[in-house]
Amino acid sequence: MKYKIKHSTTYNYSDFVSLCQNQARLTPKTNRGQICHSSRVEIEPTPTYLQTFTDYFNNQVTAFEIAIQHKKLKVTMISEVELLVGANSNLESVDIAWRKVRDLLVKPNTAELLKTSEFVLPSQLIPIDIGIKEYALISFDAHKNIISACKDLMARIFHEFHYDPGFTTISTPLSTVFAQKRGVCQDFAHFALACIRSVGLAGRYVSGYIETMPPEGEEKLEGADATHAWFAVFVPNFGWVDFDPTNNVLPRDQHITLAVGRDFSDVTPLKGVVFGGGSQLLDVAVDMIRME
Amino acid sequence: MYINNNAMPELPEWLSLYLDKSHGHDELANHSGLNPEHWDTLFKRLASLTADDVSSRATEISQLLQNGNIKNESNKQWHFDPLPFMLSKADWTLLEEGIKQRTLLLNKIQQDIYGDQTLLVDGHIPAKQLFQDPNYLREGFSLPSNELTLFFTALDVYRTPTGEFKVLSDHCQCPLGLGLLIKSRIIARRVMAEEFAECNVQQIKEFLNLFQEGINEYTHYMDDPRIVILTQGIDDPNYNEHAFLSTYFGYTLVQSADLTVRGGDVCLKSLQGLGKINVILRWVSDRCIDSLEQTEYSLHGIPGLLQSVRQGSVKVLNPFGSGVLSSPSIKCNLEKLSQQILKQPLLLGEPNYLNVKEAQAVDWNNLELLSAIDPALKLDGVLDEQEIKLLISKEPDNYFFQEKPSFSSAPFWHDGQLISKPVVFRCYALTTENGVEVLPSALCFSNEKSNNPRVSGWIKDTWINTADRVDLGEHNPPVPIRKRMDVTLLEGVISSRTAEHLFWLGRYLERCENTIRILRIFIDKYTEFSVYPDSIRKSIVARLSNAIKSQYIVYPYVEPDLKLDGIDVNLSKETAFQLLADEQCAGSIINTLKYIANASVQIQELLSHDSRRIIDDISEQIKIFKNVNINIPTRAMQSSLDRVIGSIMAFNGSITDCMPNSNGWFLLEMGRRVERSLQITSLSTALLTKELDEPEELGLLEAVLSCQVSLVTHKRRYRMYQTIGTGLELLLLDAEYPRSLLFQLEEINKLCKHLPTKRRQGVIAAHEKAILLSKTSCYVTEKDYLQKSENGQRNQLIEFNHNTRMNLDTFCDVLLLQYFSHTQTANKLNWTNIEQAQS
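Thresholds, definitions, all that
- Residues numbered from 1 in each chain as written.
- Chains lettered and ligands numbered in written order.
- Predicted model: local features only at pLDDT ≥ 70, side-chain atom pairs only at ≥ 80, totals over all residues.
- Helix = DSSP H or I, 4+ residues; strand = E, 2+ residues; numbered from the N terminus.
- Buried ≥ 20, exposed ≤ 12 C-beta atoms within 10 Å, placed from the backbone.
- Contact = placed C-beta atoms within 7 Å.
- Rg over C-alpha atoms; globule rule 2.2 N^0.38 Å.
- Axes fitted to C-alpha atoms, helices over the stretch in contact; angles between N-to-C directions.
- Parallel < 35°, antiparallel > 145°, perpendicular 65-115°, else oblique.
- Left-handed = near helix turned anticlockwise from the far one by under 90°.
- Nonpolar A, V, L, I, M, F, W, Y, C, P; charged D, E, K, R; others polar.
- Pairing = 2+ DSSP bridges.
- Expected span 1.5 Å × (residues − 1).
- Core = buried A, V, L, I, M, F, W, Y, C linked by C-beta atoms within 7 Å.
- Domains from an automatic or database assignment.

Residues and numbers for the overall build of chain B, please.
Check the secondary structure of chain B and you find 30 helices and 22 strands. By the burial criterion, 45% of the 839 residues in chain B qualify as buried. For chain B, the proportion of contacts with a sequence separation of at least 24, taken over those separated by at least 6, is 72%.

Give me the overall build of chain A: which residues, what numbers.
Each helix and strand in chain A was counted, giving seven helices and 13 strands. In summary, chain A has a C-alpha radius of gyration of 20 Å against a globular reference of 19 Å for 292 residues, a match within 12%. Here chain A, with 292 residues, has 45% of them falling under the buried criterion. A sequence separation of at least 24 residues applies to 74% of the contacts in chain A between residues at least 6 apart.

Can you lay out the packing of helix α4 (residues 146-160) of chain A against helix α6 (residues 185-198) of chain A for me, pointing to particular residues and giving the numbers?
Residue and element names in this part refer to chain A. Contact pair α4 / α6: the axes reach a minimum separation of 11 Å and the direction vectors enclose 140°. Compared by their axis directions, α4 and α6 come out oblique. When you trace α4 past α6, the crossing you get is right-handed. Where α4 approaches α6, its residues Leu153, Met154 and Ile157 are matched on the opposing element by Phe188, Phe191, Ala192 and Cys195. In the contact of α4 with α6, the residues fall into seven nonpolar, no polar and no charged.

Please set out the pairing of strand β3 (residues 49-54) of chain A residue by residue, giving values where relevant.
Residues and elements named next belong to chain A. Bridging between β3 and strand β4 (residues 60-66) involves six bridges; their strand directions are antiparallel. Along β4, the bridge assignment pairs Gln51 with Ala63. From the end of β3 to the start of β4, which pair antiparallel, there are five residues, and Asn58 there has a positive phi angle of about 70°.

Explain the interface of chain B and chain A to me, and be specific about the residues and the numbers.
Counting from both sides, the interface comprises 39 residues of chain B and, opposite them, 50 residues of chain A. In terms of residue count, helix α6 (residues 127-132) of chain B provides more of the side of chain B that touches chain A than any other element does, four residues in total. Summarising the sheet, strand β12 (residues 270-276) of chain A and strand β22 (residues 826-828) of chain B pair through three bridges and their orientation is antiparallel. Counterpart to Val273(A) in the pairing with β22(B) is Lys828(B).

Account for helix α20 (residues 589-602) of chain B, naming residues and giving values.
Residues and elements named next belong to chain B. Between the first and last C-alpha of α20 there are 20 Å, a value that for 14 residues agrees with the 20 Å anticipated at 1.5 Å per step. Burial in α20 covers these residues: Ile589, Ile590, Asn591, Thr592, Leu593, Ile596, Ala599, Ser600 and Gln602. Turning to α20, the residues buried within the fold contact α17 (496-531), α19 (572-581), α21 (609-627) and α22 (634-656).

Describe the nonpolar core, listing the residues and the values that go with them.
One finds Val228(B), Ile280(B), Cys427(B), Cys444(B), Leu505(B), Leu580(B) and Val704(B) to be the most contacted residues of the largest nonpolar core, which totals 202 residues. It is α17(B) that contributes the most residues to this core, 15 residues altogether. The contacts of Cys427(B), once residues within four sequence positions are left out, are Leu95(B), Ile99(B), Ala154(B), Leu155(B), Val157(B), Val438(B), Leu439(B) and Ala442(B). Among the nonpolar cores identified, the runner-up in size contains 68 residues, and Trp98(A), Ile128(A), Val177(A) and Ala189(A) belong to it.

Run through the sheet that holds strand β9 (residues 273-276) of chain B, naming residues and quoting values.
Adjacent strands of a sheet pair through backbone hydrogen bonds, lying either parallel or antiparallel. Residues and elements named next belong to chain B. One open sheet holds the three strands; their spatial order is β7-β8-β9, and the pairing between them is antiparallel. Each edge of the open sheet is held by one strand with a lone partner, namely β7 (259-262) and β9. Recorded for the sheet is a direction-independent mean angle of 45° between the axes of neighbouring strands. The pairing of β7 with strand β8 (residues 265-270) spans four bridges and is classified as antiparallel.

I'd like to hear about the environment of Phe249(B), residue by residue, with values.
Position of Phe249(B) relative to the elements: it lies in helix α10 (residues 239-249). Taking the C-alpha atoms as reference, Phe249(B) lies 9.4 Å from Phe211(B); in sequence the two are 38 residues apart.

Account for the sheet that holds strand β12 (residues 353-355) of chain B, with residues named and values stated.
All names here are of chain B. Overall, antiparallel pairing links the four strands, which are arranged β12-β15-β13-β14 in an open sheet. Of all strands in the sheet, those with a lone pairing partner are β12 and β14 (378-380), marking the two edges. Here the average twist between neighbouring strands, direction ignored, is 30°. With five bridges joining them, strand β13 (residues 367-371) and strand β15 (residues 399-403) adopt antiparallel strand pairing. What sits directly across from Leu369, in β15, is Phe401.

Residue-level account of the packing of helix α18 (residues 535-549) of chain B against helix α24 (residues 694-707) of chain B, with values.
A pair of packed helices is captured by two measures, namely the crossing angle of their axes and the spacing between those axes. All names here are of chain B. Where α18 meets α24, the closest approach of the two axes is 10 Å, and the angle between their N-to-C directions is 45°. Here α24 runs oblique to α18, going by the angle between their axes. α24 is crossed by α18, and the crossing has right-handed handedness. Counting all contacts with α18, which are made through Ile536, Ser539, Ile540, Arg543 and Leu544, the residues of α24 involved are Pro695, Glu696, Gly699, Leu700 and Ala703. For the contact of α18 with α24, the residue count by class is six nonpolar, two polar and two charged.

Got a sec to walk through the domain arrangement of chain A? Specific residues and values, please.
Residue and element names in this part refer to chain A. Here the domain parsing of chain A yields domain 1 (1-82 + 266-289) and domain 2 (89-264). Between domain 1 and domain 2, the C-alpha centre-to-centre distance is 25 Å. Contacts between domain 1 and domain 2 engage 22 residues on the former and 20 residues on the latter. Of all the secondary-structure elements, those providing two or more residues to the side of domain 1 that touches domain 2 are β1 (2-24), α7 (264-267) and β13 (280-290). For the side of domain 1 that touches domain 2, the leading source of residues is β13, giving five residues. Split by residue class, the side of domain 1 that touches domain 2 holds 13 nonpolar, four polar and five charged.

Lay out unusual backbone geometry in plain terms, naming residues and giving numbers.
Both trends apply: most residues other than glycine have a negative phi, and most peptide bonds are in trans. Residue and element names in this part refer to chain B. Between Leu317 and the following residue, Asn318, the backbone shows a cis peptide bond with an omega angle of -15°. Inspection of the secondary structure puts Asn318 in the loop between β11 (315-317) and α12 (328-331). A cis amide bond, omega 5°, links Tyr555 with the succeeding residue Pro556. If you trace the backbone, Pro556 turns up in the loop between α18 and α19. You will see that Lys343, though not glycine, has its phi angle at about 60°, which is positive. With respect to the helices and strands, the residue Lys343 is situated in the loop between α13 (334-342) and β12. At Gln551, a residue that is not glycine, the phi angle is positive and equals roughly 60°. With respect to the helices and strands, the residue Gln551 is situated in the loop between α18 and α19. When the 18 C-beta atoms within 10 Å are taken as the criterion, Gln551 is described as partly exposed.

Which residues make up α22(B), and what values do they have?
Residues and elements named next belong to chain B. The terminal C-alpha atoms of α22, which comprises 23 residues, lie 33 Å apart, in line with the 33 Å expected from a rise of 1.5 Å per residue. Those residues of α22 not exposed but buried are Met637, Val644, Ser647, Ile648, Phe651 and Ile655. On its buried face, α22 is in contact with α17, α19, α20 and α21.

A description of the pairing of strand β17 (residues 417-422) of chain B should follow, citing residues and the corresponding values.
Residue and element names in this part refer to chain B. Sheet analysis places strand β16 (residues 409-414) next to β17, joined by six bridges and oriented antiparallel. Opposite Trp413, over in β17, you have Leu418 as the bridge partner. Adjacent in sequence and paired antiparallel, β16 and β17 are bridged by two residues, among which Asp415 carries a positive phi angle near 60°.

Requested: an account of the environment of Ala372(B), with residues and values cited.
All names here are of chain B. Within the secondary structure layout, Ala372 lies in the loop between β13 and β14. The class for Ala372 is buried, based on 25 C-beta atoms found within 10 Å. As a C-alpha pair, Ala372 and Gln132 span 240 residues in sequence and 8.9 Å in three-dimensional space. Not counting residues within four places of it along the chain, the set of residues in contact with Ala372 comprises Pro126, Gln129, Pro328, Ser329, Asn398, Tyr399 and Phe400.

Any details on the environment of Ile632(B)? Residues and values, ideally.
Residue and element names in this part refer to chain B. In this fold, Ile632 is placed in the loop between α21 and α22. Sequence separation of Ile632 and Ile234 is 398 residues, and the distance between their C-alpha atoms is 34 Å. Ile632 has contacts with Phe577 and Met637, leaving out every residue within four places of it along the chain.

In structure tokens, the structure reads:
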């Protein structure tokens, strides 16, 4: 399956901005599940400086600067990504108990395990407490297979948590999400990761896109697709396996990965510091078009 | 035990008294070795001194410290001891080797952590703890690998009861105290010059040269390298030290707001525009140095800095990420790491560590708990027992115990005798291309809370004998000619923030002088009136009092509306007091002095030692003014005015010599001239526009002329016939007279030539236009025109002054906008919230 993605972010300022410094993590990854064939960024006004580099978590970062006065900033990323649908096909053959994986991560003795072991630890937006662990352990009983345990956790979050776009913001603490059992994809991913890590497994945050289907008989609206977030769990001799608790599915042919990290703060799609500008209005539009 | 050998004269009583006391374990009494040559030489010199002699040295030192404005973090004065600390050659050799070894080791660890991480994979450093350390900075991994070498580091060493040295802490980010060490050495050499020579003390100069050469290494291929010292600013408790180092090494002192990133280069916002920076000596933590890339958003960060480092455009020293080397998870494994990496034991040991399990078996009396992930945590084994138990029951892996260090003591002079205090030595090292260099001295300091490794309180200079170092001169490598040229090019780079402070300092100094003169004349007039209470004197006092109270003639120079009546008399004393010491009154002398002191701190690094001493005097005076009340006798007011004006004059004198225009000092002069112009116009508007009887009018003119120090000139020039008109001619229109308004405008115009301009020749900049307008109107106006009155009021004079005022305001606004505007604050872009796209 091949997609063309157009993701534009527009900031309108009430006052002139004299200088802005930005970093964007908007280039889709190439990994086991997908190939990024091309990607280009269009920025208005034209940046006075632009460079890319690869960060600690292997995401590609576009650093740019605009040193001319402007009242509007528009960043558009256009990329073509091919999803490798067969990537998870032998997932059924994975037969490893979650406890074994946990024990493996306690003393990481290879470079790969070492890097992975970092995703067992709490992070800035994902603190772990005993309540979360108790919640998690219901899914993780003693000898369970790691995949089925994670599926169980995903399904419980899907059924027990209420999708409520107005309820949370980026600064809502995880404990509120847990107590109220409300939130959006980002909160569900964070909460799931807290559960995964509380039992000693490695879990990472995935930011990306999901294709949306128009209601039966209707035309698909432009800009209607969405940026999305889910989580992935490390499985030895296999790799990272994605789970989408918002939709209760294992991402297959509709999820495209942008960046990974410990939590949202590692993968912020676009961040910046502006000088001047007054108040700001943000508008985001995503289009995912099937190419074949 | 210190043994007084036979070659020595008898020890003075103050010293033998100390030696006879019982000590825990003392550097002099217990650790001086079998053959304490190093102390002998010193004592031979000191033997002839009485306790009073030593006390007088101590007093001299404390005066020198006060004059140097040397304060510690809590803004208290340091106690700098008149007795230096002597280290034996054997001790020093051991320390020097140990410091070299440790610095080398830390360098290798830094390379590994931000590189292959084999030490973590092999378990020599516990990965779980390190990954949670707030100083483990993931941004460091995308930086070039040559950005990992340490530059200037420090470590705190103490001596155990058995005589070995152990390391209390490492400082690999921003090692504090070097400035203090240099200052204390300067003072020691002054107060103890003879002892210093006699003891053959090793010089620190060579190390400091290497320090500068080390920085030059990074810039030797450049024509005009810019090196800056980055400080958080005057709120940083160590700001004084940063300013001192800036002056000492000649590097520009900057705050993060002075820097901006453009096109991947870090630039200094200077009067001349943006100038690329090549090296940043940071005295700001690397956890919040880039407010764009790092998650810990900080006002002290420079957005985009790390991207500049990444592409090799700027060098940051110490390198980004070096704070991790102070992490407890490294320190408590250092012994093992040394074996692993260097294949040798640590020469300078670590305190004894126990893990939680080991500690269960022993008594906690002598232990304290540390956290492997929180460098700030330290709990006492006895006092905090309950808390410790709670913590270790949850996460035993994240904690460990350390044996409480037992510091050796050293003698300090206090109240006419020697007392003993626990001491720690802070030693400094430099990593160069040719290996590690160690500063041949140390900051020996003592702290009442002996477990706190921060430098504070009592300090000593540390002397190391140089006996067998004869080849000193040959250590200096020849300096290539290119480098010397570079040094001259460094001059004159100041930030626009500093430029602005210079401008304001000029204005405040002039304001202070003027306000004092007004107050003096006012006091003079009302005391005279109380002796000779006639109606003319009464009117003059009343008008002066009103002009002061309504702030017509003092800052903020309110422009009176056209009706100048409604004068209330008396309460003169109260008015005078308010102008002197009322902090509610914007233009009072106490407030103006505060502004002067504050602006001086901001440009501290440009001031000479003598100028800084005067600022100290001014700060003292502010304190005194804060405590006076309305009951202060007029006499006392007058004498304190004399003192303040003495300080202001001395300050003006002390800065006259150091005013090269390239350093922006012309702005100070410009500020003065602007303020003086405002004063002349506001005085003449407030006091000379009302037509009155001649004696009353001339009385007021006399007061105005006195305020402007022009009375004598006026009398001489217009011997036959003096009117308001002649006064106005002298004060406003005379281009040759140095105190006239026109003269000030001409000077401002000349000073504008120093401001960089981007305009092509033949086009005048906006600020110059404003000055030109006023100048022209001075040239074309006649005194009779100004003197002329309608219905008892000189409306033409009022209008003339008003226009001048408008033009000066325009001038200042343009200056602010074009040259000083740097204060725009950074805002964080709202992060793209994922949900805003969700349908």
